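# Examining the three-dimensional arrangement
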Amino acid sequence: MTTDLNFPGLRSGVELVPTADGPQTGKDFTSDQEVRWCPGCGDYAVLKAVQGFLPDLGLRRENIVFVSGIGCSSRFPYYLDTYGMHSIHGRAPSIATGIATAREDLSVWVVTGDGDALSIGGNHLIHALRRNVNMTILLFNNRIYGLTKGQYSPTSEAGKITKSTPMGSLDHPFNPVSLALGAEGSFVARTIDSDRKHLTAVLSAAAAHRGTSFVEIYQNCPIFNDGAFDAIKNNDTKADAIIPLVHGEPIRFGAPDASGQGAKGLVRDTETGGVRVVEVGSEPGQVSADALLVHDAHNPDPSTAFAISRLTDSGYLNQSPIGIFRQVERPTYDDQARAQVADAKAAAPGDRAEKLAALIGAGDTWTVA
Amino acid sequence: MSIQQGKQVKQLDRVIIRFAGDSGDGMQLTGDRFTQESAVFGNDLVTLPNFPAEIRAPQGTLPGVSSFQVHLADHDILTAGDAPDVLVAMNPAALKANLGDLPKGATIIVDTHDFTARNLAKAGYDTNPLDLLGDSNDPLGAFNVQPVDLTGMTVEAVKEFGLSRKDAARAKNMFALGLLSWMYGRPTEPTTTFLEKRFAKVADIRDANIAAFKAGWNYGETTETFVVQYEIKPAPMAPGTYRNITGNLALAYGLIAGGVQSGLPVFLGSYPITPASDILHELSKHKSFGVTTFQAEDEIAGVGAAIGASFAGALGVTTTSGPGIALKSEAIGLAVMTELPLLVVDVQRGGPSTGLPTKTEQADLLQAMFGRNGEAPLPIVAPQSPGDCFDAALEAARIAITYRTPVMLLSDGYLANGSEPWRIPELADLPTIDPAFATEPNHRPANAQGEDAEATEFWPYLRDEETLARPWAVPGTPGLEHRIGGLEKAEGHGNISYDPANHDYMVRTRQAKVDRIAESLPPLVVDDPSGQARVLVIGWGSTYGPIGAGVRRVRKAGYHVAQVHLRHLNPFPKDLGEILARYDKVLVPEMNLGQLSLLLRAKYLVDAVGYNQVRGLPLKAADVADAIGELIAQAEGTPVDLTSPVEEALS
C-alpha cells in the first residue's frame, strides 16, 4: 500500500487547515461520550482507527468537522472531540457541502452508511462526487439496515431473507465503488474495518486528497448480517478474495506461487472491454507476469477503474478489489466558489455598506424634495 | 416632455392599463418599460404581471396569453386596480381572455394585423369581432375600440434595417409602447437608453426597436385616430430618492443587507422554482458582497447546505416556493432542533402540489406554522408590499441571528413580480445585527473549587437569559468543540438525552424562545382615524394593498372601519389580543380558505370572519370593501351603501 500521491504541485485536501501547535494523541480526539454500538460491531474498529489517525494528520482539533446522517455509523461524531453534526437521514453530504464551501480552513468529514448514503441520500452522494467538494466521505457498508433492526439495504445481495423480505429481497444491489466512479468521483477507495493498517493508509490518502474522497469501508454487523465479509477476513480464504490495488504495480492476488507472488492476476479482456482474472505462469492457459494489468489510479479515464470495480461479487462476497481505485486531480467546487467570491470582491473593492448603498440606489431613480 | 399642440389634453387622477398578448409578444417587457417611465415621471404606481407557467404556450391560444397591468396615479395608491381602463390586445386570444375584466366604456387598442382567420379560430371566435364594430350586434359595443395595424406599421417603420419580416414584426410591442407613452405623456428617454443597452451587441435589432418605439409615439401624435392625450401629474410622495422595485429584487437586496448589517457572509442554497428563482439569480450577481450562491441538486440539498453554512458561521438562506418548503420540512426541523440561524424564504404560489406555479396565493401560512414533525415552532415574517420585502428580509435576519432559529419569510407571487415606487433607505437607518459568536467556555465544571473558579467547559445549550438563545460557536474556535444534531439534547450541556422531563422542558423552552421574540416587537399600528370603528379588518402579506384600498372606499362612503396589518405571524405581537377584543367584528381577508382566521380564533377565541378567495390573483379592493360593508351593517344594525357619496371607484 502506497499513499504517495505522486502529483507534483497538487494541493493537499488539508492545505488551508491550521496545524496543531504540538503533538496530539488519540485521547485528544476522544469525547466524553460513552460509545454505544453493539459488542463486536465493526464501527469500533473504524472509530479507533480514526482516533488513532487524526493525531498523525496534525490539524487543529477545532478545525475538524464530522457530519453524519442517520444510522448506526452516524453516531460517530458524538465520539470525537471535534466539531460535529449528527444530522438527518441521507443529507450529510449536502450539509457538509455548505460547511466546506463556507470555510476553506476546515477539514470536513462525512460519516455515512449504505442505507444513508445509497438509499435515502443517493442523490446528495452522487452530486457531491460530481462537484468534487473538498471533503472525505466514509461509507460504512455492512450491507444491512442495523438501526431499524435488520431490513435489507441497497447493498444487500439479491434474495436476502430479512424481516421485510421473508421470501427474499428482489433488489439488485449497488456496487458503491462503481457508483462513485460513475459519478466521476476524483478519489474512490475501498478498505476493510478489520485491517487497521490498510484502513489508516487509505484514510491518510483520502484526507490528503483535495476534492471529494470516497472511501467504502466493509464493516461487519454482528447482529443482523454477521459474516457478510468472512471470505475476505478469513485467513484461509482472503488471499483469493482480496484483489489488492496498488498504484504502479501489477494487480496480483491469490495464494503465492513459486515466485512468492499471487498466483492470479488481472488482464484486460479484449472481448468485453473489461478486465478478467487469469492464472499467472507460463503453462498453456496461463498468462505471463509481464502481461498483467498495472494499476494506474491516476488515469484520467475512469473506465479501467470501473472495470476493476466490477470484479466485486454482487452476491455473497467471495471476491473484491481493495485499495485506491482512482485518484485524479480535478478542480473542487468549494475552491472555485470561493475564488468567484474573491474575484468579485477584488473587482469591486470597498466597504460593504458603501457598496450596498450604491447597489440599492442604482437604476432609474428620482428624487422627491 | 411636452404636451403636443393640436390635441386635446385631459387631466386624469389615475389610470389602469393592461398590456396583453401572446407569451412571445414581449408584454412583460412592454409593461415593465411603461412602468419605469411612469416611475421616473413621478406617478405612484402598482403593477400586476400575469403570465402562464408555460414558457411558450401554443401561440395564439387563450392559455398562451400573457399580460401586465399597471395602475398609475397622481396620489398614493395601494393596488394594481380592480379593472383596467385601457386594454392593449395584441391578438384575438388576448382580447377574449381579458374582455371579461373590462368595465363598460373601457378603451381597447387592438392590433388588427393578428386578427386572422387562424388566430380567431384559435381564440374560439367564429366571426371577427372587429368586423362587427358599430353594428347593432357589436360584441364590443360597450367599449371604445381602437383598431390599429400595429404590426403592419411596425414592419413599415423598421424596413430600413433589413430585418426578416418575422424579426421586424417582433418590434411591435415597442410600437405599442411608443403609442401608449404618447397617450399618457410618458418620458421616452429611459426606454431609448434601455433599448440601447439591452441590444448593444445587435445593432439592427437595437435600431429597429428604437425606431418602432419612436414610430408608435409619432403615430399617436399625428394620427387622427387618437385625439386625446392624457396627463397624470406626479404623485406627492415623502421626500427621498425613489426607484421602482419588484418584491423579489427588494427581497434579494434585503438578504444582502442582512449580511452587511450583521457582518456575516451570506450563503444561499437554493433549487430553481417559480416564482422564487429571481432571488437566486439576483444574489448570484452580488458575490462581491461575500454572497455565495449554491444551486443545489434538489430542495433538500439547498436547505441542507444553508444549514451547514450557518453551522460554519455564515448567514444561511434558502429560497423556494410552497412545494419546496414541503421537501425542506425535515431539514427545517433540524434547524429548529440544532437552534441555528437560517432564513427560509417561501414565495408562495397557488397550490396544492404543483398548483398554479405563476399565480399568487397565501395558502402556506399553516405549512409554515405547523408543517414539521413534532413541536417545531419557528418565527414567521411576511412583507406587505414589493418594496417592503427589503425590510421584511432584514427583520427575518435579525430574528434568525439574535434568537438562533430558522425564520420563515412568506412572500408571494404577487409581491415577487409586482412592483411599486420604493423610497431607497438610508443605510444609517437600518438596524445592525450582532451575531455575538461564542468565543470562550461558558460553564464551570461541577467539581471546580471555589466561587471564582473559571469556566473551562463549553455547553452549547446554555441559554441567554433574555432571549433564551443558545450560544453560536463556530468551527475554528478552540476549546468550544461540540456536537449538535437532530436527537433531543439535554438542556445546558447538550448531550443526547432521552429523559422524559428533559424532553418536556426542551419542547417548552423552544416554544418559549419563539414566544420571547414578541418582547422585541414594536406595538401594532391600528389605523382607526375616527376611533369609532366597530369593525376591524386584519390581514397579512400582499393583501395589504387591496385591504387598504377597500378600507378607503368604506371610509369615503362615510363609514368607520379600523385596519391592522401583521408583519409577524409567529409570534403574534403582544398587543394583538387586546386590539382584537376592542372591536365587535373582525374581518380577515386572505387568499386562502381562512388560515390566519384559524390561528386568531384558536389563540384569541375571537369570532373572526373570513373573506377568502383563491383565484390565483390579488383580492379586489371593491370586493374587500363589500365584505367590510356587510360586517359594518351587522355590527351597527343598519344597511350599508358604499356607492354614495363615492362618485367613482377609488384606488
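Values in this document were obtained by computation on a predicted structure and should not be read as measured data. Sequence order sets the numbering: in each chain, residues are counted from 1 along the sequence as written. Each chain gets a letter, beginning with A, and each ligand a number, beginning with 1, in the order they are written. Only residues with pLDDT of at least 70 get local features here, since the model is predicted, and only at 80 or more are side-chain atom pairs given and counted; chain-wide, interface and lining totals rely on the full set of residues.

By the criteria applied, helices consist of DSSP H or I runs no shorter than four residues and strands consist of E runs no shorter than two, each listed in order from the N terminus. Helix and strand counts for chain A come out as 11 helices and 12 strands. We take the radius of gyration over the C-alpha atoms and set the globule estimate at 2.2 Å times the residue count to the 0.38 power. What you see for chain A is a C-alpha radius of gyration of 23 Å, in line with the 21 Å of a compact globule of 369 residues. Overall, the C-alpha framework of chain A stretches about 95 × 45 × 45 Å when taken along its three principal axes. Out of the 369 residues in chain A, the part that is buried amounts to 50%. Long-range pairs, those at least 24 residues apart, make up 67% of the contacts in chain A between residues at least 6 apart in sequence. To sort residues by exposure, count the other C-beta atoms lying within 10 Å of each residue's C-beta; 20 or more gives buried, 12 or fewer gives exposed, and values between give partly exposed, all with C-beta atoms placed from the backbone. By the convention adopted here, residues make contact when the C-beta atoms placed from their backbones lie within 7 Å.

Next up on the list: the overall build of chain B. In terms of helices and strands, chain B carries 20 helices and 22 strands. Principal axes of the C-alpha set define a box for chain B whose edges measure 100 × 65 × 45 Å. Counting the 651 residues in chain B, one finds 55% classified as buried. Within chain B, counting contacts between residues at least 6 apart in sequence, those at least 24 apart form 75% of the total.

Residue and element names in this part refer to chain B. To estimate the expected span of a helix, subtract one from its residue number and multiply by 1.5 Å. In this model, helix α20 (residues 621–636) (16 residues) spans 22 Å end to end at C-alpha, consistent with the 22 Å of a helix rising 1.5 Å per residue. Among all positions of α20, only Ala621, Val624, Ala625, Ala627, Ile628, Gly629, Leu631 and Ile632 are buried. Summarising the contacts, the buried residues of α20 are in contact with β18 (535–540), α17 (544–556), β21 (585–590) and β22 (609–612). With its phi angle positive at about 70°, glycine 637 sits one or two positions after the end of α20.

Here we come to the nonpolar core. A set of buried Ala, Val, Leu, Ile, Met, Phe, Trp, Tyr and Cys residues, joined through C-beta atoms within 7 Å, is what we mean by a nonpolar core. Residues Val67 and Ile99 of chain A together with Leu409 and Ile628 of chain B are the most contacted members of the largest nonpolar core, which totals 285 residues. When neighbours within four sequence positions are excluded, isoleucine 99 of chain A is seen to be in contact with Val65, Val67, Leu106 and Val108 of chain A together with Gly308, Ala309, Phe311 and Ala312 of chain B. Judged by nonpolar contacts, the second largest core, of 6 residues, contains Ile144, Tyr145, Tyr152 and Cys221 of chain A.

The next subject is the interface of chain B and chain A. Size of an interface, as often reported, equals the accessible area lost when the parts are brought together. Taken together, the contact between chain B and chain A spans 60 residues of the former and 52 residues of the latter. Among the secondary structure elements, those contributing two or more residues to the side of chain B that touches chain A are α1 (27–41), β9 (240–246), α9 (247–262), β10 (266–270), β11 (291–295), α11 (299–311), α12 (322–338) and β17 (483–485) of chain B. The dominant element in the side of chain B that touches chain A, judged by the number of residues it contributes, is α11 of chain B, at 9 residues. Three residue categories are used. Nonpolar comprises Ala, Val, Leu, Ile, Met, Phe, Trp, Tyr, Cys and Pro, charged comprises Asp, Glu, Lys and Arg, and polar comprises the others, including Gly. A class-by-class count of the residues in the side of chain B that touches chain A yields 34 nonpolar, 19 polar and 7 charged. Relative to β9 of chain B, strand β12 (residues 365–368) of chain A runs antiparallel, the two being bridged by 4 bridges. Bridged to valine 368 of chain A within β9 of chain B is glycine 240 of chain B. Here, a strand pair is defined by DSSP locating no fewer than two bridges between the strands.

To continue, consider the packing of α1 of chain B against helix α6 (residues 172–183) of chain B. All names here are of chain B. At a minimum axis separation of 10 Å, α1 and α6 run at an interaxial angle of 30°. The orientation of α1 with respect to α6, classified from their angle, is roughly parallel. Remark: the crossing between α1 and α6 carries right-handed chirality. Residues Met27, Leu29, Thr30, Arg33, Phe34 and Glu37 of α1 lie in contact with α6, whose contacting residues are Asn173, Ala176, Leu177, Leu180 and Ser181. Tallied by class, residues from the contact of α1 with α6 come to 6 nonpolar, 3 polar and 2 charged. Helix axes are fitted to C-alpha atoms over the stretch in contact, other axes to C-alpha atoms as well, and angles between N-to-C directions run from 0 to 180 degrees. The scheme is simple: roughly parallel for angles under 35 degrees, roughly antiparallel for over 145, roughly perpendicular for 65 to 115, oblique for anything else. Whether a crossing is left-handed or right-handed is set by the direction in which the near helix is turned from the far one by less than a right angle, anticlockwise for left-handed and clockwise for right-handed.

Turning our eyes to something else, we now look at the pairing of strand β1 (residues 8–12) of chain B. Two faces belong to every sheet, and in a regular strand the side chains alternate between them. All names here are of chain B. Along β1, only 0 of the 5 residues are buried, which leaves the element largely exposed. Sheet topology places β1 next to strand β8 (residues 228–232); 5 bridges connect them, and they run parallel. Following the sheet pairing, leucine 12 is matched in β8 by isoleucine 232.

So, on to the sheet that holds strand β20 (residues 568–570) of chain B. Residue and element names in this part refer to chain B. Spatially, 7 strands are ordered β11-β10-β12-β13-β15-β14-β20 in an open sheet, and the strand pairing comes out mixed. The open sheet is flanked by β11 and β20, the only strands paired with a single partner. Bridge analysis of strand β13 (residues 342–348) against strand β15 (residues 406–412) gives 7 bridges, and the strand direction is parallel. Residue pairing in the sheet places leucine 343 in a bridge with valine 407 of β15. The strands touched by helix α14 (residues 388–403) are β12 (315–320), β13, β14 (380–381) and β15; relative to β15, the strand with the most contacts, the crossing angle is about 165°.

With that out of the way, let us pick up the confidence of the model for chain A. Averaged over chain A, the pLDDT score is 95; the fraction of residues at 70 or greater is 97%. What pLDDT conveys is the predictor's confidence in a given residue, as a value from 0 to 100. A low-confidence stretch, residues 1–9 of chain A (pLDDT under 50), is modelled with 13 contacts involving residues beyond four sequence positions or located in other chains.

All names here are of chain B. Of all 9 residues that make up strand β2 (residues 14–22), 9 are buried, and the element is covered over most of its length. Here β2 runs beside strand β5 (residues 86–89); their pairing, made up of 4 bridges, is parallel. If you follow isoleucine 17 over to β5, its bridge partner there is valine 86.

Residue and element names in this part refer to chain B. Viewed as axis vectors pointing N to C, α11 and α12 meet at an angle of 25°, and their least axial separation amounts to 8 Å. The angle between the axes of α11 and α12 places the two elements in the roughly parallel class. Viewed along their axes, α11 and α12 form a crossing whose handedness is right-handed. In this structure, α11 contributes Glu299, Ile300, Val303, Gly304 and Ile307 to the contact, and α12 contributes Gly324, Leu327, Lys328, Ala331, Ile332, Leu334 and Ala335.

Here we come to the sheet that holds strand β6 (residues 107–111) of chain B. Residue and element names in this part refer to chain B. Read across the open sheet, the 6 strands follow the order β3-β4-β2-β5-β6-β7; overall the sheet is mixed. The sheet is open, and its two borders are formed by β3 (44–50) and β7 (144–148), each paired with just one other strand. The sheet shows a mean angle of 15° between the axes of neighbouring strands, direction not considered. Relative to β2, helix α2 (residues 92–99) is tilted by about 135°, and along the sheet it contacts β2, β4 (65–73), β5 and β6.

What follows concerns the confidence of the model for chain B. Residues and elements named next belong to chain B. A residue-level look at chain B finds 98% of positions with pLDDT of 70 or above and a mean pLDDT of 95. For the stretch residues 646–651, pLDDT sits under 50, and the model shows 15 contacts to residues farther than four places along the chain or on other chains. Across the assembled chains, the prediction reports ipTM 0.96 with pTM 0.94.

With an omega of 0°, the peptide bond running from threonine 274 of chain B to proline 275 of chain B counts as cis. Its location among the elements puts proline 275 of chain B in the loop between β10 and α10 (277–284). Following glycine 351 of chain B, the chain continues to proline 352 of chain B via a peptide bond in cis, the omega torsion being 5°. With respect to the helices, strands and loops of the structure, proline 352 of chain B is situated in the loop between β13 and α13 (365–370). Positioned with a positive phi, glutamate 184 of chain A is a non-glycine residue whose angle comes to about 65°. Of note, glutamate 184 of chain A is situated in the loop between α5 (176–182) and β5 (187–192). The class of glutamate 184 of chain A is partly exposed, set by 17 C-beta atoms lying within 10 Å. In the Ramachandran plot, glutamate 339 of chain B falls in the positive-phi region, its phi being about 55° despite a non-glycine side chain. Structurally, glutamate 339 of chain B can be placed in the loop between α12 and β13. The exposure class of glutamate 339 of chain B is buried, given the 25 C-beta atoms found within 10 Å.

A separate point is the environment of tyrosine 44 of chain A. All names here are of chain A. With respect to the secondary-structure elements, tyrosine 44 resides in helix α1 (residues 42–57). A tally of 16 C-beta atoms within 10 Å means that tyrosine 44 is categorised as partly exposed. Note: C-alpha distance between tyrosine 44 and proline 77 (33 residues apart in sequence) is 13 Å. If sequence neighbours within four positions are ignored, tyrosine 44 has contacts with Val35 and Trp37.

Structurally, tyrosine 219 of chain B can be placed in helix α8 (residues 203–222). Each C-alpha atom of the pair tyrosine 219 of chain B and phenylalanine 175 of chain B lies 9.0 Å from the other, and the pair is 44 residues apart in sequence.

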